[in-house]
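Understanding the architecture of this molecule
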Amino acid sequence: MRINLLDAGLRVAGGHPHDINLTLTRALVRLGHDVHIYCHHEITPAVKEEYAQLCAITPLFTIDPYQNTRSF
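In short, a report on the structure. It should be emphasised that the depicted structure is a prediction, and the values quoted were computed from it without experimental measurement.

Here we look at the pattern of salt bridges
This model, assessed by the stated rule, comprises one salt bridge. With a closest N to O distance of 3.0 Å, Asp-64 and Arg-11 form a salt bridge. Placement of the pair is Asp-64 in the segment after strand E3 (56-61) and Arg-11 in the loop between strand E1 (2-7) and helix H1 (15-30), with a sequence separation of 53 residues. With a relative accessible area of 26%, Arg-11 lands in the partly exposed category.

In structure tokens:
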């Protein structure tokens, strides 16, 4: 089964976006699923490579859900 994970907060190593997505991706791949992650466009090269070894990854989102948007 193809599973798409969308997480605009996935940008850097550490923190719950990285930890949860990595654990989930590893489990799904181990079960034989085709996983594709869509993440923040400013993902660090190291994190992008970490996921690329497991599944397809597409930097897509431009808005960080953890950014303070009240000033806009």
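Still more ground to cover, so stick around.
Brief notes about the sheet that holds strand E2 (residues 34-40)
Spatial strand order, E1-E2-E3: three strands in an open sheet with parallel pairing. Strand pairing shows two members of the sheet lacking a second neighbour, E1 and E3, which therefore form its edges. Pairwise comparison of adjacent strand axes, ignoring direction, gives a mean angle of 20 degrees for this sheet. Here E2 runs beside E3; their pairing, made up of five bridges, is parallel. The residue of E3 that forms the bridge with Ile-37 is Ile-57. Contacting E1 and E2, H1 crosses the sheet at an angle of about 175 degrees to E1.

Observations regarding H1
For H1, spanning 16 residues, the distance from its first C-alpha to its last is 23 Å, which sits close to the expected 22 Å at 1.5 Å a residue. Listed in full, the buried residues belonging to H1 are Pro-17, His-18, Asn-21, Leu-22, Thr-25 and Leu-28. Considered in projection along H1, the buried side chains sweep an arc of 140 degrees and stay on one side of the axis. Opposite the buried face of H1, by more than 90 degrees, sit the exposed residues Ile-20, Thr-23 and Arg-30. Buried-residue contacts for H1 involve E1, E2 and helix H2 (45-52). At the exit of H1 stands Gly-32, carrying a positive phi of roughly 95 degrees.

What counts, and where the lines are drawn
Residues numbered from 1 in each chain as written. Predicted model: local features only at pLDDT ≥ 70, side-chain atom pairs only at ≥ 80, totals over all residues. Heavy atoms only, no water. Salt bridge = Lys/Arg side-chain N within 4 Å of Asp/Glu carboxyl O. Helix = DSSP H or I, 4+ residues; strand = E, 2+ residues; numbered from the N terminus. Buried < 20%, exposed > 50% of the residue type's maximum accessible area, 1.4 Å probe, protein only. Pairing = 2+ DSSP bridges. Axes fitted to C-alpha atoms, helices over the stretch in contact; angles between N-to-C directions. Contact = heavy atoms within 4.5 Å. Expected span 1.5 Å × (residues − 1). Arc of directions from axis to C-beta.

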